[in-house]
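Summary of the model geometry
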Amino acid sequence: DLVRERKGASFHVEKVTHLLDGGSEQTARRRQLEAIVARDPSGVFDNSSNIYLHRTERHVRSLAKAVRLFELARSVGIGE
C-alpha cells in the first residue's frame, strides 16, 4: 500500500514532492490542476475502458482528451 510505504520512508515525502515540483507553490498549483481534471464532468479523462478499445478508438479518445485539456486550460487562464 502506497500510504503505508510513505509513512515508513526515511525522508520527508512532502519535501521531496516540493523538490520535484520546483517548490511548494508549484506543488499546490499542480494539485489544483489535477483536481480540475479529476472533477471534469465530461468523462473524457476516464481510462477504465481503454483496454477494450481498438488502437484507432484509443487514438480518437486521446485527441478528445487533448482538446478538452486545452479547453480546461483556457477556462483557468493558462495559455492565453
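Before reading further, recall that the structure is shown in the block above.
None of these values were measured; they are calculated from a predicted model.

**Remarks on the environment of Thr27**
Position of Thr27 relative to the elements: it lies in helix α3 (residues 24-38). With a relative accessible area of 1%, Thr27 lands in the buried category. Those residues in contact with Thr27 that sit more than four places away from it in its chain are Glu14, Thr17, His18 and Asp21. Among the polar contacts made by the side chain of Thr27, one reaches the side chain of Asp21 at a distance of 2.8 Å.

**Some thoughts on the pattern of salt bridges**
One pass over the full model with this rule turns up five salt bridges. Across the salt bridge formed by Asp40 and Arg68, the nearest N and O atoms sit 2.6 Å from each other. In this pair, Asp40 sits in the loop between α3 and α4 (55-75) while Arg68 sits in helix α4, placing the two residues 28 residues apart along the sequence. Classification of Asp40 by relative accessible area gives buried; the value is 10%. For Arg68, the salt bridge identified is with Glu71, shortest N-O distance 3.0 Å. Of the two residues, Arg68 and Glu71 both sit in helix α4, three residues apart, roughly one turn of that helix. For Arg68, a relative accessible area of 22% translates into the label partly exposed. Note on Glu71: relative accessible area 41%, which makes it partly exposed. A single salt-bridge network, built from bridges that share partners, covers Asp21, Arg30 and Glu34.

**Observations regarding α4**
Relative to the 30 Å expected for 21 residues at 1.5 Å per residue, α4 spans 30 Å between its end C-alpha atoms, a close match to the ideal helical length. For α4, the full list of buried residues reads Lys65, Leu72 and Ala73. When α4 is viewed along its axis, its buried side chains cluster within an angular range of 95 degrees and face the same direction. Opposite the packed face of α4, turned more than 90 degrees from it, sit the exposed residues Val60, Phe70 and Arg74. Lining the buried residues of α4 we find α3. Backbone geometry just downstream of α4 places Gly77 in the positive-phi region, at approximately 85 degrees.

The rules behind the values
- Residues numbered from 1 in each chain as written.
- Predicted model: local features only at pLDDT ≥ 70, side-chain atom pairs only at ≥ 80, totals over all residues.
- Heavy atoms only, no water.
- Helix = DSSP H or I, 4+ residues; strand = E, 2+ residues; numbered from the N terminus.
- Buried < 20%, exposed > 50% of the residue type's maximum accessible area, 1.4 Å probe, protein only.
- Contact = heavy atoms within 4.5 Å.
- Polar contact = N/O pair within 3.5 Å; in protein donor to acceptor, adjacent residues only side chain to side chain.
- Salt bridge = Lys/Arg side-chain N within 4 Å of Asp/Glu carboxyl O.
- Expected span 1.5 Å × (residues − 1).
- Arc of directions from axis to C-beta.

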